[in-house]
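Coordinate analysis (summary)
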Amino acid sequence: MIEISNLSKSFVTASGTVDALRNINLTIHDGDIYGIIGMSGAGKSTLVRCINMLERPTEGNVRLDGVDLGSLSKKKMQEMRHHVTMIFQSFNLLMQRNCLQNIMLPLKLTHMPKDQAVKRATELLATVGMADKAKAYPAQLSGGQQQRIAIARALATDPKVLLCDEATSALDPKTTHDILTLIREINQKLGITVIVITHQMSVVQEICNRVAILENGTVVEEGDVSEVFSNPKARATKRLVYPDMSAGIETLGTEHNQMVRLVFQGAEAATKPLLASMAMECRIAANILSATTRTLDGKVYGTMLLNIPGGPEELARAVQYLSGTGNVRVQVESEYAQQMGQTPTGEEE
């Protein structure tokens, strides 16, 4: 288990002190695939570097299985990093060494006999689906293949924790899916705890069971991925989960700006023609400002931002009708534009 307690990190720059992280408190359980997400500058990469002590926290601590990593000696710190390994967006492979040699590098640093290191590296090549690339060099591989070799190298020392720092950001969607599938399989087969640092909610959606949202160096929301997706509370979370909604607000042109957000939970609810039924039965033709659906653990989760024409009476009737459908959460978003940091016309406040 990883326990992050009251962690803060500041940097001194020419223009003054910058607080990159402020009072971070997170618990990551063994076997989790834990997502840490935020926009650029939120503090994600600083946090992951604090977890493996590449950056020393200014305040607070990080504990791995009860051991305060900040208290370790240099020798113990080197041993710890065999158990907490990392993969990066840029792969960081040695171009002058072939795939087998790249994977063997951390084993060489642990002074493993060469024959054992070759055997271990060969096994890991098969684990990541690259058994036929032992003698290939990184320049001969695609980006996805290079990341597979980087994953194999990270697994060489039998780590307890795998840190993924924007590991799929440089890859196309199909290759991203393949790499995430591999990471999930490694988590399930080897029991390795995975921490995924990303700015892409789709990555969190696909493989993570828990997620923390960072904004300006603080955790603004944390919880099970399914709950965060179905009921985001923080403004930063809404922007990440429903990025198209702020654009939808700009299309408002009705007199009352009456917005309702529908959150669908389950495929049956998501496929029911609610709006057509409401138009026929209640004579309320809602305007769809934006819509997003996703599949998570075999269930469809989605949202619609609607504008309800007319006045308060029409709004009340629409909410009553929509609330009568199972697995649909109805939220009146009359102040949604302000929550998103915008006026109703979409202009910055």
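Residues numbered from 1 in each chain as written. Predicted model: local features only at pLDDT ≥ 70, side-chain atom pairs only at ≥ 80, totals over all residues. Heavy atoms only, no water.

1. With respect to the pattern of salt bridges
It is possible for side chains of opposite charge to pair when their charged atoms get near one another. Under the counting rule described, the total for this entry stands at nine salt bridges. For the salt bridge of Asp65 with Lys160, the shortest nitrogen-to-oxygen distance reads 3.2 Å. Taken together, the residues Asp65 in the loop between strand S4 (59-64) and strand S5 (67-68) and Lys160 in the loop between helix H5 (143-155) and strand S7 (161-165) connect sequence positions 95 residues apart. Across the salt bridge formed by Lys76 and Glu79, the nearest N and O atoms sit 3.8 Å from each other. Taken together, the positions of Lys76 and Glu79, both in helix H2 (residues 74-83) and three residues apart, correspond to about one turn of that helix. The exposure class assigned to Glu79 is partly exposed, which follows from its relative accessible area of 33%. Sharing partners across several salt bridges, the network here consists of Lys9, Arg49 and Glu55. (Salt bridge = Lys/Arg side-chain N within 4 Å of Asp/Glu carboxyl O. Helix = DSSP H or I, 4+ residues; strand = E, 2+ residues; numbered from the N terminus. Buried < 20%, exposed > 50% of the residue type's maximum accessible area, 1.4 Å probe, protein only.)

2. Focus: the packing of helix H3 (residues 99-109) against helix H4 (residues 114-127)
Axis separation between H3 and H4 bottoms out at 9 Å; the angle between their running directions is 120°. By the angle class used here, H3 and H4 are oblique. Read as a crossing pair, H3 and H4 show a hand that is right-handed. Side by side, H3 and H4 meet where Cys99, Leu100, Ile103, Met104 and Leu107 of the first sit next to Lys114, Ala117, Val118, Arg120, Ala121, Thr122, Leu124 and Leu125 of the second. Here the contact of H3 with H4 is built from residues that sort into 10 nonpolar, one polar and two charged. (Axes fitted to C-alpha atoms, helices over the stretch in contact; angles between N-to-C directions. Parallel < 35°, antiparallel > 145°, perpendicular 65-115°, else oblique. Left-handed = near helix turned anticlockwise from the far one by under 90°. Contact = heavy atoms within 4.5 Å. Nonpolar A, V, L, I, M, F, W, Y, C, P; charged D, E, K, R; others polar.)

3. Details of the layout of surface pockets
Unoccupied space between atoms shows up once a probe the size of one water molecule is rolled over them. Each pocket or cavity is described by its volume, and for the largest pocket that value is around 540 Å³. Around the largest pocket sit 17 residues that line it, and Arg81, Val84, Thr85, Met86 and Pro106 are the ones nearest its centre. Mapped onto the lining of the largest pocket, the elements with two or more residues apiece are H2, strand S6 (84-88), H3 and H5. It is S6 that contributes the most residues to the lining of the largest pocket, four residues altogether. A volume near 230 Å³ is recorded for the second largest pocket. Going through the elements one at a time, H3 and H4 are the ones with two or more residues in the lining of the second largest pocket. Ranked by residue count, the leading element in the lining of the second largest pocket is H3, at six residues. (1 Å grid on protein atoms, 1.4 Å probe; cavity = no way out; pocket = protein on both sides within 12 Å on 5 of 7 lines; lining within 4 Å. Points joined across faces, edges and corners; volume = space filled by probe spheres on them.)

4. A closer look at the nonpolar core
Core analysis: the biggest nonpolar cluster contains 50 residues, and Ile87, Ile149, Ile151 and Ile183 have the highest contact counts within it. Per element, the largest residue contribution to this core is six residues, and it comes from H5. With sequence-adjacent residues up to four places away left out, Ile183 is seen in contact with Ile87, Ile151, Cys164, Val194 and Ile207. Counting 28 residues, the second-largest nonpolar core is a separate cluster that includes Leu47, Val62, Met77 and Ile197. (Core = buried A, V, L, I, M, F, W, Y, C linked by side-chain atoms within 4.5 Å.)

5. What to know about helix H12 (residues 274-282)
For H12, every residue scored as buried is listed here: Leu274, Leu275, Ser277, Met278 and Cys282. Down the axis of H12, the smallest arc covering the buried residues is 160°, so these residues share one side. Downstream of H12 by a residue or two, Arg283 has a phi angle that is positive, lying close to 55°. (Arc of directions from axis to C-beta.)

6. Details of the confidence of the model for the chain
Put simply, the chain has an average pLDDT of 85, and 86% of its residues get 70 or more. Throughout residues 246-255 the model reports pLDDT below 50, and contacts reaching past four residues in sequence, or to other chains, amount to 22 contacts. Predicted confidence for residues 335-349 stays below pLDDT 50, and this span has 37 contacts to residues more than four positions away or in other chains. (pLDDT = per-residue confidence, 0-100.)

7. Considering the pairing of strand S8 (residues 193-198)
The element S8 is largely enclosed, with a buried count of six among its six residues. What you see with S8 is no split at all: Thr193, Ile195 and Ile197 on one side and Val194, Val196 and Thr198 on the other are buried throughout. As defined by bridge partners, strand S3 (residues 33-37) adjoins S8 across five bridges and the pair is classed as parallel. Among the inter-strand pairings, Gly35 is bridged to a residue of S8, identified as Val196. In this structure, S7 lies alongside S8, joined through five bridges in parallel fashion. Counterpart to Cys164 in the pairing with S8 is Val196. (Pairing = 2+ DSSP bridges.)

8. Quick word on the sheet that holds strand S1 (residues 2-13)
Taken in spatial order, the four strands of this open sheet run S2-S1-S4-S5, and their pairing is antiparallel. What marks the edges here is a single partner per strand, and that holds for strand S2 (16-28) and S5. Those strands touched by helix H1 (residues 44-51) are S1, S2 and S4, and its axis lies near 120° from that of S1.

9. Observations concerning the packing of aromatic side chains
By the definition in use, this model includes zero aromatic pairs. Here the basic side chain of Lys9 rests over the ring of Phe11, its NZ or CZ set 5.0 Å away from the ring centre. (Phe/Tyr/Trp six-rings, centres within 6.5 Å; stacked < 30°, edge-to-face > 60°. Lys NZ or Arg CZ within 6 Å of the ring centre and 35° of its normal.)

10. Quick word on the sheet that holds strand S10 (residues 218-224)
Spatially, the six strands line up as an open sheet ordered S6-S7-S8-S3-S9-S10, and their pairing is mixed. Whereas interior strands pair on both sides, the edge strands pair on one side only; in this sheet they are S6 and S10. Across the sheet, the axes of successive neighbouring strands diverge by a mean angle of 15°, strand direction being ignored. As paired strands, S3 and strand S9 (residues 210-215) are joined by four bridges and run parallel to one another. If you follow Tyr34 over to S9, its bridge partner there is Arg210. Sheet strands in contact with H5 are S6 and S7, and its direction is about 170° off that of S6.

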